Amino acid sequence: MIEITLKVNGQNQKVAVDDPNMPLLYALRDDLGLRGPKFGCGLGQCGACCVIIEGEAARSCVTLAIDARDKEIKTLEGLGDLDRPSRVQAAFIAEQAAQCGYCTNGMIMTATALLSRRPRPTETDVREALAQNLCRCGSHARVIAAVLRAAREG
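All figures in this text were calculated on a predicted structure; none of them were measured in a lab. (Residues numbered from 1 in each chain as written. Predicted model: local features only at pLDDT ≥ 70, side-chain atom pairs only at ≥ 80, totals over all residues. Heavy atoms only, no water.)

Engineer: I'd like to hear about the environment of Leu6, residue by residue, with values.
Structural biologist: Here Leu6 shows up in strand E1 (residues 2-8). Sequence spacing of Leu6 and Glu54 is 48 residues, and the spatial spacing of their C-alpha atoms is 12 Å. Those residues in contact with Leu6 that sit more than four places away from it in its chain are Gln11, Asn12, Gln13, Val15, Leu24, Ala27, Ala65, Ala68, Arg69 and Ile73. (Helix = DSSP H or I, 4+ residues; strand = E, 2+ residues; numbered from the N terminus. Contact = heavy atoms within 4.5 Å.)

Written as structure tokens, this is what we have:
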């Protein structure tokens, strides 16, 4: 058993890791109770588990918890809340960009990372950034509109 420190949403959190191959997603959900990142495919292909690590969107289902120690990790819970949503969250609400909501975490986290490195993306930039985030409900057009709105309002 190894105890590691994860810097999640600005706070140091201790997590006991009994398997060195434990995904970061499990530490976030099971040990820290964060429900933003979702388990989707478990292969890093759908994006539901996306978090931001050191400013970059990352798939937490294929990132080992021990590899994330001492790095800045941001989850959906660290962006905003019901009273004060982040600009991306507010744009998703305004554009009604979520249907079932399962992919929403990954879409918001990927969009947030995109806007932090490219504040005024083109529609092509947004489409390319979100290309690996799957949405089975088909709300991609509204998601793209939301990201572009967040860029305009940022």
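What follows picks up the thread again.
Engineer: So what about the pattern of salt bridges? Which residues, and what values?
Structural biologist: Under the definition given, this model contains four salt bridges. Between Asp125 and Arg118 there is a salt bridge, with the nearest N and O atoms lying 2.9 Å from each other. The partner of Arg149 in a salt bridge is Glu153, and the shortest N-O contact between them spans 3.1 Å. With a gap of four residues between them, Arg149 and Glu153 both fall in helix H5 (residues 140-153), about one helical turn apart. (Salt bridge = Lys/Arg side-chain N within 4 Å of Asp/Glu carboxyl O.)

Engineer: Explain the state of the cysteines residue by residue, including any values.
Structural biologist: The bond known as a disulfide is covalent and runs between the sulfur atoms of two cysteines. Counted under the stated rule, the structure contains zero disulfides. The thiol sulfur of Cys50 is not disulfide-bonded, and the nearest other cysteine sulfur, from Cys49, lies at 6.8 Å. Cysteine Cys137 shares no disulfide, and the gap to the nearest cysteine sulfur, in Cys100, comes to 3.7 Å. A relative accessible area of 31% means that Cys137 is categorised as partly exposed. (Disulfide = S-S within 2.5 Å. Buried < 20%, exposed > 50% of the residue type's maximum accessible area, 1.4 Å probe, protein only.)

Engineer: Help me get a handle on the sheet that holds E1, residues and values and all.
Structural biologist: Taken in spatial order, the five strands line up as E2-E1-E5-E3-E4 in an open sheet, and their pairing is mixed. Each edge of the sheet is formed by a strand with only one pairing partner; in this case those strands are strand E2 (11-17) and strand E4 (56-59). Each strand of the sheet is rotated relative to its neighbour by a mean of 45°, with strand direction disregarded. As paired elements, E1 and strand E5 (residues 72-74) share two bridges and run parallel to each other. Bridge pairing in E5 links Lys7 to Glu72. Contacting strand E3 (50-53), E4 and E5, helix H3 (residues 104-117) runs over the sheet at an angle of about 30° to E3. (Pairing = 2+ DSSP bridges. Axes fitted to C-alpha atoms, helices over the stretch in contact; angles between N-to-C directions.)

Engineer: Tell me what's going on with unusual backbone geometry, and back it up with residues and numbers.
Structural biologist: The phi angle of most residues is negative, glycine excepted, and most peptide bonds adopt the trans form. Phi at Asn9 is positive, roughly 50°, even though this residue is not glycine. Among the structural elements, Asn9 can be located in the loop between E1 and E2. Taking the relative accessible area as the measure of exposure, Asn9 reaches 26% and is therefore partly exposed. The residue Gln96 is not glycine, and still its phi comes out positive at about 50°. Of note, Gln96 is situated in the loop between helix H2 (87-94) and H3.

Engineer: Give a description of the packing of helix H4 (residues 123-130) against H5 that names residues and reports values.
Structural biologist: Relative orientation of the contacting elements H4 and H5 amounts to 120°, with a least axis distance of 10 Å. As the angle between them shows, H4 and H5 are arranged oblique. In this structure, the crossing between H4 and H5 has a hand that is right-handed. Contact residues: Glu123, Val126, Arg127 and Leu130 in H4; Val143, Ile144, Val147 and Leu148 in H5. (Parallel < 35°, antiparallel > 145°, perpendicular 65-115°, else oblique. Left-handed = near helix turned anticlockwise from the far one by under 90°.)

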